[in-house]
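# Observations on the model geometry
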Amino acid sequence: MSCSCIRFSKICFLLSVIFCAVLLLLLPKFQANWRPRSYPQPHPPSVFSALNKSEVLSQPAESSSVDNLNDETSKIVPFVKEELIQEWSPHVIDTGRSSLKANSKMRGSPSNPWYSGINHVGPDNVSAKEQLELKDIFIAVKTTRKYHKTRLNLLFQTWISQAQGQTFIFTDWEDPELRHRAGDHMINTNCSAVHTRQALCCKMSVEYDKFLESGQKWFCHVDDDNYVNLQNLLSLLSAFSHSQDVYVGRPSLDHPIEAADHVRNDGSTTVKFWFATGGAGFCISRGLALKMSPWASLGSFISTAERIRLPDDCTIGYIIEGLLEVKLHHSPLFHSHLENLQRLCGDAVFKQVTLSYGGPENKHNVVSVEEMFSVQQDPTRFKSVHCLLYPDTAWCPIVTVK
């Protein structure tokens with residue numbers, strides 16, 4: 001009897017195995033045919049031209065020094081929509097370092113062979129404009145403890161006074177006075193106060209995460225030595241849609257940089273990309289910022305920067321151009337302290353998006369505007385610029401008409 005039970009159990013086991021094997025063989029025939037779908041990706045409006053990948057020349061970037069990436073040269077030429085050329089051409093100034101000009105001569109063949117592959121933007125690809133308000137923009141100001149009482153005081157006195165609800169201060173120290181002044185718009189990143197690649201990337205990582213939390217349409221980063229012309233910033237960003245892929249700013253080099261790609265492989269290959277210098281400021285649309293999330297959110301930005309061993313602004317360019325393959329819109333309206341700012345003068349000053357000023361070693365590198373204050377009272381010229389833009393400001397001198 002026991003032998004019969006054992007034989008019966010073996011037969012049942014074998015039948016079960018055979019049934020499962022047949023079921024596995026037949027299962028694919030009952031499944032619906034599946035093919036991966038290719039979803040259309042949004043493309044940025046062509047206010048500025050994109051560069052042809054195969055035509056762009058590049059040079060290796062030194063990853064061991066942040067300062068090497070700050071050497072600006074010349075002849076970065078943006079190509080602008082027909083309807084913007086006439087509007088901007090009287091106001092775009094050659095500031096020596098990055099010669100960004102918008103005029104009718106661009107239609108000809110540039111003398112620099114690096115630009116032979118640039119496609120001209122015609123009237124057919126006119127961007128759809130967006131109704132934009134200041135409340136839609138998240139402005140991040142990067143600073144550090146030692147500049148709280150100097151650079152930040154000047155910004156609060158001038159342009160931040162017109163955009164306190166949209167401006168967030170990212171610093172590395174819990175300053176009671178600054179906290180009282182800015183409230184929850186002062187963000188203590190707890191990053192190092194030392195000016196290193198790691199500390200810069202740490203702050204940028206917090207900026208990015210705070211922007212995503214905000215729900216606002218645009219992320220704009222500036223430094224604590226930038227003056228932001230808010231109306232011009234609104235006008236520039238209104239030419240785009242925040243839901244599309246937009247990365248706009250000013251390169252600090254006249255060529256894309258090349259770095260070992262340790263993110264997608266073991267670093268055996270390199271990647272070439274442009275980046276907008278953080279010292280002049282740059283803006284990113286929300287649509288594009290969300291796509292950056294796998295390499296930038298919740299601390300991922302720091303690890304991405306460590307793997308390519310480049311500073312914060314370069315890492316932004318790497319993620320956007322190198323990984324997402326979205327081209328930087330080169331804009332001549334952003335300015336850093338590395339340029340010859342004295343060439344910005346007269347009415348052209350008031351047509352720019354950001355301005356800056358030279359450091360202690362180059363105090364005379366400032367924009368040329370009508371002097372509302374003495375050089376001792378206004379060494380950066382930011383107060384004069386602000387009073388000419390906002391003459392009703394309480395502390396501005398009354399201008400008498402002669």
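Residues numbered from 1 in each chain as written. Predicted model: local features only at pLDDT ≥ 70, side-chain atom pairs only at ≥ 80, totals over all residues. Heavy atoms only, no water.

### Describing the sheet that holds strand β11 (residues 329-330)
Read across the sheet, 7 strands follow the order β4-β3-β2-β5-β10-β7-β11 without closing on themselves; strand pairing throughout is mixed. The outermost strands of the open sheet, each flanked by one partner alone, are β4 (186-188) and β11. Alignment of strand β7 (residues 247-249) against β11, held across 2 bridges, turns out to be parallel. Its bridge partner lying in β11, V248 is registered against H329. Relative to strand β2 (residues 137-142), helix α6 (residues 230-237) is tilted by about 125°, and along the sheet it contacts β2, β5 (218-223), β7 and β10 (282-285). Across the sheet, helix α10 (residues 312-323) touches β2, β7 and β10, and the angle it forms with β7 is around 145°. (Pairing = 2+ DSSP bridges. Helix = DSSP H or I, 4+ residues; strand = E, 2+ residues; numbered from the N terminus. Contact = heavy atoms within 4.5 Å. Axes fitted to C-alpha atoms, helices over the stretch in contact; angles between N-to-C directions.)

### Concerning the pattern of salt bridges
Counted according to the given criterion, the structure contains 12 salt bridges. The salt bridge involving K149 is made with E177; its shortest N-O contact spans 3.0 Å. Taken as a pair, K149 in the loop between β2 and α3 (151-157) and E177 in helix α4 (residues 176-182) lie far apart in primary sequence, 28 residues in all. The exposure class of K149 is exposed, given its relative accessible area of 54%. D224 is the salt-bridge partner of R151, the closest N and O atoms lying 2.8 Å from each other. In this pair, R151 sits in helix α3 while D224 sits in the loop between β5 and β6 (227-228), placing the two residues 73 residues apart along the sequence. On the accessibility criterion, D224 (4% relative accessible area) is buried. In the salt-bridge network here, residues are joined through shared partners; they are K142, D223 and D312. (Salt bridge = Lys/Arg side-chain N within 4 Å of Asp/Glu carboxyl O. Buried < 20%, exposed > 50% of the residue type's maximum accessible area, 1.4 Å probe, protein only.)

### Description of helix α5 (residues 197-214)
End to end, α5 covers 26 Å across 18 residues, agreeing with the expected 26 Å (1.5 Å per residue, within 8%). With 14 of its 18 residues buried, α5 lies for the most part within the structure. Downstream of α5 by one or two residues, G215 has phi in the positive range, about 80°. (Expected span 1.5 Å × (residues − 1).)

### With respect to the pairing of β10
Side-chain alternation along β10 places F282 and I284 on one buried face and C283 and S285 on a second face that is also buried. Pairing of β7 with β10, which is carried by 3 bridges, proceeds in the antiparallel orientation. Along β10, the bridge assignment pairs V248 with C283.

### Some words on the environment of T143
Assignment of secondary structure puts T143 in the loop between β2 and α3. The exposure class of T143 is buried, given its relative accessible area of 3%. Dropping the residues within four chain positions of it, T143 is found in contact with H148, L152, I169, F170, T171, D172, K203 and D224.

### A short note on the packing of aromatic side chains
Summed over the entire model, instances satisfying the criterion amount to 12 aromatic pairs. Judged by centre distance (5.9 Å) and plane angle (65°), the rings of F138 and F211 are edge-to-face. Placement of the pair is F138 in strand β2 and F211 in helix α5, with a sequence separation of 73 residues. F138 gets classed as buried once you look at its relative accessible area, which sits at 1%. Residue classification places F211 among the buried residues on the basis of a relative accessible area of 0%. Each residue in the set F138, F168, F170, F211, F219, Y247 and F282 is aromatic and connected to the rest through ring pairs, giving one cluster. Across from the ring centre of W173, 3.8 Å away, lies the NZ or CZ of R145, which sits over that ring. Here R151 stacks its cationic end above the ring of Y147, 3.7 Å away from the centre of that ring. (Phe/Tyr/Trp six-rings, centres within 6.5 Å; stacked < 30°, edge-to-face > 60°. Lys NZ or Arg CZ within 6 Å of the ring centre and 35° of its normal.)

### Regarding helix α9 (residues 300-308)
Of the positions making up α9, those classed as buried are F301, T304, A305 and I308. Taken around the axis of α9, the buried residues stretch over an arc of 95°, which confines them to a single face. Packing partners of the buried residues in α9 comprise α5, β8 (257-260), α8 (293-296) and α10. Two residues or fewer past α9, R309 is found with a positive phi of approximately 55°. (Arc of directions from axis to C-beta.)

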